[in-house]
Protein chains: 4
Amino acid sequence: MLMSAEVYDFRSDNVGGVAPELLEAIVAANHGAAAPYGDDEFTGAMTARFREVFERDLVAFPVSTGTGANCIALAGLANPYGAIYCHETAHINVYECGAPEFFTGAKLVALGGAGYKLHAAELDAALALAGRGNPTRVQPFALNVTQPTDFGTLYTLDELEALSDVAHRHGLLVHLDGARFANAIAALGCTPAEMTWRAGVDIVSFGATKNGAMNAEAVLVFDPTIAAKLPFLLKRGGQVVSKARFISAQLERYLADDRWLVRARQANANAARLAQRLRAVRDVDLIGAVQINMLFARLPEVAVAALDRGPFRYYKLGRDQRFVCRHDQEPAGMDLLVSTIEEALA
Amino acid sequence: MLMSAEVYDFRSDNVGGVAPELLEAIVAANHGAAAPYGDDEFTGAMTARFREVFERDLVAFPVSTGTGANCIALAGLANPYGAIYCHETAHINVYECGAPEFFTGAKLVALGGAGYKLHAAELDAALALAGRGNPTRVQPFALNVTQPTDFGTLYTLDELEALSDVAHRHGLLVHLDGARFANAIAALGCTPAEMTWRAGVDIVSFGATKNGAMNAEAVLVFDPTIAAKLPFLLKRGGQVVSKARFISAQLERYLADDRWLVRARQANANAARLAQRLRAVRDVDLIGAVQINMLFARLPEVAVAALDRGPFRYYKLGRDQRFVCRHDQEPAGMDLLVSTIEEALA
Amino acid sequence: MLMSAEVYDFRSDNVGGVAPELLEAIVAANHGAAAPYGDDEFTGAMTARFREVFERDLVAFPVSTGTGANCIALAGLANPYGAIYCHETAHINVYECGAPEFFTGAKLVALGGAGYKLHAAELDAALALAGRGNPTRVQPFALNVTQPTDFGTLYTLDELEALSDVAHRHGLLVHLDGARFANAIAALGCTPAEMTWRAGVDIVSFGATKNGAMNAEAVLVFDPTIAAKLPFLLKRGGQVVSKARFISAQLERYLADDRWLVRARQANANAARLAQRLRAVRDVDLIGAVQINMLFARLPEVAVAALDRGPFRYYKLGRDQRFVCRHDQEPAGMDLLVSTIEEALA
Amino acid sequence: MLMSAEVYDFRSDNVGGVAPELLEAIVAANHGAAAPYGDDEFTGAMTARFREVFERDLVAFPVSTGTGANCIALAGLANPYGAIYCHETAHINVYECGAPEFFTGAKLVALGGAGYKLHAAELDAALALAGRGNPTRVQPFALNVTQPTDFGTLYTLDELEALSDVAHRHGLLVHLDGARFANAIAALGCTPAEMTWRAGVDIVSFGATKNGAMNAEAVLVFDPTIAAKLPFLLKRGGQVVSKARFISAQLERYLADDRWLVRARQANANAARLAQRLRAVRDVDLIGAVQINMLFARLPEVAVAALDRGPFRYYKLGRDQRFVCRHDQEPAGMDLLVSTIEEALA
């Protein structure tokens, strides 16, 4: 599909390019020979940087896809007759074509929950009925929490901690799908440690691609016993990139200063500003609060038709529309989006 | 593992960096928004280029790992109670931690064969005993041919064609694992078409990473019915990269002129030259002919000990040693390797 | 767990024994040699009998477990990135420890629905949102209908047909889980043909164990292309019994006259009579209508406590109680059950 | 396929019927209600009997197929990136349509070995090259030993112990596929304990079907940690029969006196006698010693043609022929087999 320069793309943050400093890191890593498959100095430096930023010991595994990160993380926790609990709108439940089931052999048990979020009391009730020890029932081993959710909502640190407590009490470990990790940190104003292991999270899919990296994600493992299994699961899953240095160098650089947070804050701010302007338009309904860099609207049909004639890209979900802002979302594009809607509704 | 500049690395061609023109292609692709997951103009251009170079219609899917390419290609051919025939030394049989079995659900049936190669008559005999139609036996659906083999040997075009004929006669489709596709083309002096579909190959893992790309491989599918399944298999396998443009742009550029072949020829020539010099050393035995960019030796222990003291990296396989040359293998390193061995044996 | 003669068991119909004529069929089959694995005369005769009773051509595969029958049937329909739609209370979704997912590699998509039943309009709406052709979404291939449901409710023939129509329109095939096939036929007063292929059912798990057989079930396949795959799937699933004649002989005899229906009618009648008597007890609430041989109650705690002191076996589901009647349910046991409850509540 | 009374069947021991005392046990178990799924008194009594006969604590799980027993046993030992070592002629490697790979997710690594047997030194050498700890290589977790082998050969107790020692030293557990357990015990004159746990075997597929039972096998587990996983693996594998009492009652009765061994000795003796008579025929070559109840011959074509005209059933393996004797093999059939061959070669 041809993308001309004049198109304003609100489909997702992964339509964006690569941040300058990360491209520089790639170029800088392109020097001499390096051991393949992650046994290189760049991967070592990346792990050191993750330990520093997360304020504890951990092992970091570079991968090139978010689905890969989620699946390997969950496979590291899996038993052969298990269940993963998640929200019914979780990315792993809806948009990964069964990859989590394939990599883990587990069944996904999807719960509802307002705000696209799991709620501790509801999780507790569901797990109480899960049939622990009953051979006719799959045995829960993991809780998947998507932070932020695919619908742009955020768990508070208290909510995360409450979910982890319930999960641990029932014998589950906690996986955090952080495809938009930076946007969540930027919005909550907390530290990576606070949003993960201090809140009871056991394993993390750390996404950087949606925030300026070139196909660079990491699985972060806090428990060394689980970490020892991952090299095998990664290889068996076709997730070990040959020249891992080019992912690791990006991630090391990504965390080396605050630019990852600056970008995430800017993306969030773009969405907030866009929401503010759209709310001012009569007949425009935004769905829910805008907590990160995405907003959902139910526009009148005439406005949708106008957008579809214009130079815009965005996703439709039934009668709703999703707009995602990047840190470098073009101001002209946001202006034009608002004015197009305004004119259509005038 | 720290790699200092003074180390000469003969472990594998994937310890090398990224070719300048491919890095340029990445930088050039980093402009504006692009649809994610391969629905972008760069992937379209890549497919067009593959069609041109392979002289026929095909569908090309970008992936970031060779194991991923092999597994998705084979999964595209699989039935749920199947067998993949391959050489006992095939990469998919030995070095992918069971990934092909995981992705396909199939059993790998490994055959012997001189020169690390399958032989048509032996394959025919094995397939005749495979129990087609017998429910107690796995049902063969694919033949895997690694070209060149992991031991640096090459199938002639006639050998490939004979294998394909046998495979097709028994109802199998043919997968070519071309992790070092360029080295084979360079050595045989044939066209990509001649080494693949004209020789009866049905699906190809096209590797570029070992020849200068940054984690860029492609699955090439000639049959549209199989191609229609691959988007789902890729997603379910965690193999769909978000910003696919950065793989596709490399592959498009890779095939745009002859530099990929120039590099492969140079790598092959480096190995040939190194082999020539080592053969001149008394007490050095090279194992087999050197057909591409790798050579195998059985060095006296004193020579191995000398190498292990020096600034070299290489792989040991039991009592043998493997040396792989890149196109940009340092001449000083090759000189020092030879002189170190000579001095140890003097 | 020791079962003394004085215990009255309402847990499930599979606590019962083997019907006399089926035991006779086993004894009669124990004569001379017979080809193993279903290639015997008894299996041939069983298939002929199924064809007669179902009034059409079909292939019948004997298996020893209901879970095995369900899983093989569904695996015969499966694609490698698929989804099976079912009710959230379906046996395959709740009580088979993930076996259907394991055998098919598919994801179960569970829908709600009053009366523990799927409803055609709701299924239609769900399938419309399933993302046919979208590689991020699992692709639906089968609808599972449990008839009767695990909660003792029944689909009418019209309801079955409406569900099949929706399923077929969306490209799904229909699997009927007939663990209590006989009870449904007895209750509906229809023919096996009417409840299966004439209503659009494509593949059937035909259960006989719960109605007097000794671990004897069958997968019934109407489509020869699917049937051709099943011998392999059965073997790979460990479902091919060596001396198949002892299952096949039972099933042939089972269908040879009306005794299977007589038993099912008696079991249903026992439950109806028990329900009638319990409804007459003040403070006893039965949940829903009693359509087959099981009834659900929410007894006062004092009644539950009384039952637990008595010589009864039954299942608790949260605050509810399930009672299942066999054709040979002891009248004394039913009398005692009612009187125990009456006395507790007096 | 119609089997008339006049056919003499040497195909396999599973063409035979059910021993009288086992049929009696089935009939005796058909009394009153019993908890389903193995939670019944008969299964308890079976386990007690296994403990007595095997002279140690263990857990016994009843299943209805030998493939099921093998697969569940191996799945109980499996890791998610593992390898099972076995002989290239092992039943699990050749005749189970990939079921072991399906249930375990593991790769089967098949070794050669004279006499269709694994040899400790060769196993040791293979495991030394298996790449323990190397993420590109599947990690061995189990050794499968078929005793007796599918070719009628036997491991001595010393050979079993030597294999177990090697396996344990390399971190593998040992699975014994005892489809013809009784024939091996009868031939070796040892105790079940000596042939299993005292020789280092960790888990056993105990077959009774080929020696007079009606689809009755058991998985015997000596380690409680592994045993705790099996109920889930059995359910997920569709291997939990509803009315387990009819398998358990057979197995309990089977081990209650020496009749199982009397039958096995008679079957072995039948084969020995037949072999003796065939060896006396000029131009008849028997292949290998006859250690249990099967013999292999390479008959002249004219003899094969004569057999094929006669009322015989037997298996052909390429140019060889296999004859298996049951305990109740008809003397007239054995006489006629010999005389038919003699006349053809006269």
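Just above sits the structure.
I will try to describe carefully the structure that is included in this document.

Cut-offs used in this document
- Every chain is numbered on its own, with residues counted from 1 as its sequence reads.
- Chain letters start at A and ligand numbers start at 1, both assigned in the order the entries are written.
- Since the coordinates come from a predicted model, pLDDT governs what is reported: local features require at least 70, and pairs of side-chain atoms require 80 or more to be given and counted, while whole-chain, interface and lining totals use all residues.
- Hydrogens and water are ignored here; the side-chain numbers use all heavy atoms of the structure.
- Secondary structure follows DSSP: runs of H or I at least 4 residues long count as helices, runs of E at least 2 residues long count as strands, and numbering of each begins at the N terminus.
- Just to be clear, the radius of gyration here is over C-alpha atoms, and the globule rule we use is 2.2 Å times residues to the power 0.38.
- Buried, partly exposed and exposed residues are distinguished by accessible area as a fraction of the type maximum, computed with a 1.4 Å probe on protein chains only: under 20%, between the cut-offs, and over 50%, respectively.
- Each accessible area is a Shrake-Rupley result for a 1.4 Å probe, and residues are judged covered by the shown protein chains and nothing else.
- The sign given to each residue is positive for Lys and Arg and negative for Asp and Glu; His and the chain ends receive no count.
- Just so you know, the charge point we use is NZ for Lys, CZ for Arg, CG for Asp and CD for Glu.
- Contact between two residues is taken to exist if any of their heavy atoms lie within 4.5 Å; hydrogens are not considered.
- In superposing the copies, a least-squares fit is computed on C-alpha atoms, taking residues whose pLDDT is at least 70 in both.
- DSSP-based pairing: two strands are paired if at least 2 bridges between them are found.
- Among buried residues, the Ala, Val, Leu, Ile, Met, Phe, Trp, Tyr and Cys ones that are joined through side-chain atoms within 4.5 Å form a nonpolar core.
- Note on terms: buried area is the combined drop in 1.4 Å-probe accessible area of two parts once they are placed together, counting the loss on both.
- Any pair of N or O atoms that falls within 3.5 Å is considered a polar contact. Within protein, one atom must be able to donate a hydrogen and the other to accept it, and sequence-neighbouring residues count only if both atoms are side-chain atoms.
- Under the scheme applied, nonpolar residues are Ala, Val, Leu, Ile, Met, Phe, Trp, Tyr, Cys and Pro; charged residues are Asp, Glu, Lys and Arg; polar residues are all the others, including Gly.

### What to know about the overall build of chain A
A tally of helices and strands in chain A yields 14 helices and 13 strands. A compact globule built from 346 residues would reach a C-alpha radius of gyration of about 20 Å, and chain A, at 21 Å, matches this within 12%. Put simply, chain A has 346 residues, and 64% of those count as buried. Total accessible area on chain A stands at roughly 11700 Å², and carbon and sulfur atoms take up 52% of it. Each charge sign in chain A was given a centre, from 32 positive and 39 negative side chains, and these centres are 3 Å apart.

### A closer look at the environment of Leu-23 of chain B
Among the secondary structure elements, Leu-23 of chain B is positioned in helix 1 (residues 20–29). Judged by relative accessible area, which is 11%, Leu-23 of chain B ranks as buried. Separated by 184 residues in sequence, Leu-23 of chain B and Gly-207 of chain B have C-alpha atoms that sit 17 Å apart. Look past the residues within four positions of Leu-23 of chain B in its chain and what remains in contact with it is Ile-26, Val-27 and Asn-30 of chain A together with Val-18 and Met-214 of chain B.

### Focus on the relation of the copies chain A and chain D
Note on the copies: chain A fits chain D at an RMSD of 0.0 Å, the axial shift is 0.0 Å, and the rotation between them is 180 degrees. The relationship between the two copies is best expressed as a two-fold rotation axis. Residues of chain A ranked by C-alpha distance from the rotation axis are headed by Pro-80 of chain A, positioned 4.2 Å from it. Most of the interface of chain A is mirrored in chain D, where 100% of its interface residues again form contacts.

### What to know about the sheet that holds strand 12 (residues 315–317) of chain B
The pairing of strands in a sheet comes from backbone hydrogen bonds and takes either a parallel or an antiparallel form. All names here are of chain B. Spatially, 9-10-13-12 is the arrangement adopted by the four strands of the open sheet, whose pairing is antiparallel. Edge positions in the open sheet fall to strand 9 (285–286) and strand 12, since each of these has one partner strand only. With three bridges joining them, strand 12 and strand 13 (residues 320–324) adopt antiparallel strand pairing. Following the sheet pairing, Leu-317 is matched in strand 13 by Asp-320.

### Looking at the nonpolar core
Burial of nonpolar side chains together is a common tendency in soluble globular proteins. With 135 residues, the main nonpolar core has Phe-50 and Phe-206 of chain A together with Phe-50, Tyr-85 and Phe-206 of chain B as its most contacted residues. In contact with Tyr-85 of chain B, other than residues within four places in its own chain, are Val-109, Leu-111, Leu-123, Ala-126, Leu-127, Ala-130, Pro-140, Ala-142, Leu-143, Asn-144 and Leu-172 of chain B.

### Points about the interface of chain A and chain D
Tallying the contact residues gives 15 residues for chain A and 15 residues for chain D. Between chain A and chain D, a total of about 1300 Å² is buried, with carbon and sulfur atoms accounting for 74% of that surface. Its largest share of buried area at the contact with chain D, chain A owes to Tyr-81, Pro-135 and Phe-232 of chain A, together 48% of the area lost on that side. At the junction of chain A with chain D, the criterion picks out two residue pairs in polar contact (both at pLDDT 80 or more). Here the element with the most residues in the side of chain A that touches chain D is helix 10 (residues 224–236) of chain A; it accounts for six residues. Its residues assigned to classes, the side of chain A that touches chain D comprises six nonpolar, five polar and four charged.

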